[in-house]
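Structure assessment
Residue-level listing of the chains:
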Amino acid sequence: MVEKHILALQLSHILGENFPRDWVHGLIETPKQADHGDLAFPCFQLAKTFRKSPAEIAKEIAPKLQHQVFQQVRPVGGYINIFLNQSFIANHTLQQLLTDPGQFGAHQFGKGETIVLDMSAPNIAKPFSMGHLRSTVIGNALANLAEKCGYETVKINYIGDYGTQFGKLLAAYQKWGDEKSVRENPIQELTKIYVKFHEASKEDPSLIDEGRSWFKKLEEQDEEAVKLWRWFKDASLEEFEKIYRLLGIDFDLTRGEAYYNDKMSDTINLLKDEQLLVDSEGAQVVPLDEVSLPPCLIRKSDGTTIYATRDLTAAIDRFNNYQFNKALYVVGHEQTLHFQQIQQVLQKMNFSWAPNLKHISFGMMLKDGKKMSTRQGKTVLLEQVLKEAITRAEENIEEKNPTLANAGEIAEQVGVGAVIFHDLKHDRRNDVEFSLEDMLTFEGNTAPYIQYTHARAASLLEKGSFRIKDAVTTFDDELAWPIIKLVRNYPEVVENAYKDYDPSKIAKYLLDASRAFNQYYAKTKILESDQQQARLTVIFALTVVLKDGLNILGIQAPLQM
Ligand code: ARG
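Please read all numbers here as calculations on a predicted model, not as lab measurements. (Residues numbered from 1 in each chain as written. Predicted model: local features only at pLDDT ≥ 70, side-chain atom pairs only at ≥ 80, totals over all residues. Heavy atoms only, no water.)

**A look at the overall build of the chain**
- Regarding its fold elements, the chain presents 21 helices and 14 strands.
- If one aligns the C-alpha atoms of the chain with their principal axes, the spans along those axes are about 85 × 65 × 40 Å.
- Relative to its 561 residues, the chain shows a buried fraction of 53%.
- A fraction of 72% describes how many contacts in the chain between residues 6 or more apart in sequence connect residues 24 or more apart.
- Surface accessibility of the chain: about 26,300 Å² in total, with carbon and sulfur atoms responsible for 47%.
- Side-chain charges of the chain comprise 64 positive and 76 negative groups, with the mean position of each set lying 3 Å from the other. (Helix = DSSP H or I, 4+ residues; strand = E, 2+ residues; numbered from the N terminus. Buried < 20%, exposed > 50% of the residue type's maximum accessible area, 1.4 Å probe, protein only. Contact = heavy atoms within 4.5 Å. Areas by Shrake-Rupley, 256 points an atom, 1.4 Å probe, with all protein chains shown as cover. Lys, Arg positive; Asp, Glu negative; His and termini not counted. Charge placed at Lys NZ, Arg CZ, Asp CG, Glu CD.)

Have a look at this one:
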């Protein structure tokens, strides 16, 4: 909160240069109990330097803290408790929000800079996995946060459409492929024959050679191979598109790995020119011993190039196209080594922008404590998960509000919102346990709870015919203070969530804000009270941050539920 900075500045000024502002800032607490004030500074760590008891120090410093935002400064034991000037801060915050509600919480520090996000990136002919869902929603939220901070963003969907596995798939299709079934159910059918091929090749190793020769054909642009590959790709993209449509997420660029096939020789030549390539049992690698990493494999002994080579090429191409200031790769933990290698190789190639690549890694989605696997036939089809969430949301709404007009559309916003929020409310680095029951309750830490709170607040505004031009920002309502403080904090929460690449900061904020509203609402008469306009103004401010925060996470905020 802004006031925390003011306090830190004053304290460090009073304490002298041995106590820098940032150090002081780190010590300031925000008490949970209202009677301890809004901010508190513990003096215990000062005792040694000043050779006085913390309580004495608190007593001495307290009267020196003076600012129009401090209403009262009280030394209590070893603490200095600060009570903020509620009416001043409320007035200031609400005025600021009302001047341009859509811009509240926005920042300018990203102006003129571009951030490229590598996100989603499912693999064709395979089901869209939970990992890809995580990448999609985390990437989307980070893009929204970046935009809110003034950056230009480029969202890139780097489709996995190349690699030796497609040789196997083509070989499998020759053996067991059925055009009609693939047309009807492309991903399921292709996964089936791919798995079958995998099993069968354990018994009959000659299949491996068949797979290899089909990959070779694909590399050599054999007409039949390319035709099938293209068909599988288009059919897969069509399936993925259904998921993106449900999620309400789109991309600035959808570009597969294969796009870089004919561009990789440039990268390899550059590596050669810089004398970075080394022969290793027929393969070519870039050694990375000096940074304690295993060598980065660039070209296999059979001459085929690999994942890393394409990523190097793609990074260079992206820099040439966008001159990005940062490139975020939203990809699971298991690829940490890969991205370290990519970054180091680019560094060795002397690309000044190499340090601006950042792997935004995340944990797994678990079901009953185990990885949700797409292999072993235990396929979890994401589209089905989303549809199931929507159906359950429909049932919930039917129970709560049977006369709701556009119930279908709202159920979609609630069901999808629930799935997205459930992912984003956790620190992305942790694993997430998947549970439809938990994500859909209206009472827990869920999107439906926040959406429902927003809708209740919106209906109060509607009933009270609130208009911005009638807003009242003079303030005399102790009970609304927790809401005011939250609203005041919103811009800082946005900034921190962006800087830490951590959408869960927004998610947690939204839960706090919803709880604050519900507590206020339970205790306060809003409509037809003597302070109706002022109270509605506070509620309006709250709906602004709730909606904006939800939208940053990629979640809709319906006006009714
Ligand atoms: N398609 C890959 C996978 O599913 C993820 C790609 C991530 N992005 C990248 N630039 N490597 O594992």
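Picking up after the structure, the text goes on.
**Re helix α9 (residues 186–203)**
- The end-to-end C-alpha separation of α9 is 26 Å, in line with the 26 Å expected for 18 residues at 1.5 Å each.
- Where α9 is concerned, the buried positions are Pro186, Ile187, Glu189, Leu190, Thr191, Ile193, Tyr194, Phe197 and Ser201.
- The inward-facing, buried residues of α9 contact α7 (165–176), α8 (179–184), α10 (206–219) and α11 (223–247). (Expected span 1.5 Å × (residues − 1).)

**Description of the sheet that holds strand β4 (residues 114–118)**
- Read from one edge to the other, the open sheet built from five strands follows the order β6-β5-β4-β10-β11, with strand pairing classed as parallel. This sheet does not close on itself; its edge strands, each paired only once, are β6 (253–254) and β11 (357–360).
- Pairing of β4 with strand β5 (residues 152–157), which is carried by five bridges, proceeds in the parallel orientation. Bridged to Val116 within β5 is Val154. (Pairing = 2+ DSSP bridges.)

**Regarding the site of the ligand**
- Around the ligand, a shell composed of Asp118, Ala121, Asn123, His132, Tyr158, Tyr307, Asp311, Tyr329, Val331, Gln335 and Phe339 is seen.
- Interatomic distance of 2.7 Å between a side-chain N/O atom of Asn123 and a nitrogen atom of the ligand.
- Gln335 is positioned such that a nitrogen or oxygen atom in its side chain is 2.9 Å from an oxygen atom of the ligand.
- Out of a free accessible area of 350 Å², the ligand has 89% covered by protein chains.
- Grouping the constituent residues of the shell around the ligand by class yields six nonpolar, three polar and two charged. (Near = heavy atom within 4 Å. Polar contact = N/O pair within 3.5 Å; in protein donor to acceptor, adjacent residues only side chain to side chain. Nonpolar A, V, L, I, M, F, W, Y, C, P; charged D, E, K, R; others polar.)

**Some points on a negative patch on the surface**
- A cluster of acidic residues, Glu394, Glu395, Glu398 and Glu399, forms a negative patch at the surface.
- When you line up the elements, Glu398 lands in helix α15 (residues 382–400). (Patch = residues over 30% accessible without salt bridge, like charges linked within 9 Å, V, L, I, M, F, W, Y side chains within 5 Å. Salt bridge = Lys/Arg side-chain N within 4 Å of Asp/Glu carboxyl O.)

**A closer look at the sheet that holds strand β7 (residues 278–280)**
- Read across the sheet, three strands follow the order β7-β8-β9 without closing on themselves; strand pairing throughout is antiparallel. If you trace the sheet from one side to the other, it starts and ends with β7 and β9 (293–299), each paired once. Taken over all neighbouring pairs, the strand axes of this sheet differ in orientation by 45 degrees on average, direction set aside.
- One ladder, built from four bridges, connects strand β8 (residues 283–288) with β9; its direction is antiparallel. Bridged to Leu288 within β9 is Leu293.
- Strand contacts of helix α14 (residues 336–348): β8 and β9, with the helix running at about 75 degrees to β9, the strand carrying the most contacts. (Axes fitted to C-alpha atoms, helices over the stretch in contact; angles between N-to-C directions.)

**Brief notes about the nonpolar core**
- Counting 155 residues, the largest nonpolar core has Phe41, Ile80, Leu133, Leu218, Phe232 and Leu553 as its most contacted members.
- Not counting chain neighbours up to four residues away, the residues in contact with Ile80 comprise Leu39, Ala40, Phe41, Cys43, Ala58, Ile61, Ala62, Leu65, Val73, Arg74 and Pro75. (Core = buried A, V, L, I, M, F, W, Y, C linked by side-chain atoms within 4.5 Å.)

**Focus: the packing of aromatic side chains**
- Taken as a whole and assessed by the stated rule, the structure comprises 27 aromatic pairs.
- Measuring from centroid to centroid gives 5.7 Å for Phe128 and Phe240, while their planes differ by 70 degrees, and the two rings are edge-to-face. Taken together, the residues Phe128 in the loop between β4 and α6 (130–148) and Phe240 in helix α11 connect sequence positions 112 residues apart.
- A relative accessible area of 3% places Phe128 in the buried class.
- The interplanar angle of 90 degrees and the centroid separation of 5.2 Å between the aromatic rings of Phe319 and Phe324 together place this pair among those described as edge-to-face.
- On the basis of relative accessibility, which here comes to 3%, the residue Phe324 falls in the buried class.
- Taken together, the ring pairs connect Phe109, Tyr151, Tyr498 and Tyr501 into an aromatic cluster.
- The positively charged end of Lys217 is found above the aromatic ring belonging to Trp214, 4.0 Å away from the centroid.
- Across the ring face of Tyr259, the terminal group of Lys263 is positioned such that the distance to the ring centre comes to 4.0 Å. (Phe/Tyr/Trp six-rings, centres within 6.5 Å; stacked < 30°, edge-to-face > 60°. Lys NZ or Arg CZ within 6 Å of the ring centre and 35° of its normal.)

**Considerations on the packing of α6 against helix α16 (residues 407–424)**
- One way to put it is that α6 packs onto α16 with a least axis distance of 10 Å and a crossing angle of 85 degrees. Between α6 and α16, the crossing angle belongs to the class labelled roughly perpendicular. Residues Leu133, Arg134, Val137, Ile138 and Ala141 of α6 pack against Val419, Ile420, Asp423 and Leu424 of α16.
- Taken together, the residues that form the contact of α6 with α16 break down as seven nonpolar, no polar and two charged. (Parallel < 35°, antiparallel > 145°, perpendicular 65-115°, else oblique.)

**Concerning the pattern of salt bridges**
- Counting across every chain of the model gives 31 salt bridges.
- Note that Glu220 and Lys216 form a salt bridge whose closest N and O atoms lie 3.1 Å from each other. The burial state of Glu220 is the same as that of Lys216; both residues are exposed.
- Here Lys505 ties to Asp502 by a salt bridge, and the two come within 3.5 Å at their closest N and O atoms.
- Judged by relative accessible area, which is 7%, Asp502 ranks as buried.
- If you follow the salt bridges from partner to partner, you end up with Glu388, Arg392 and Glu437 in one network.

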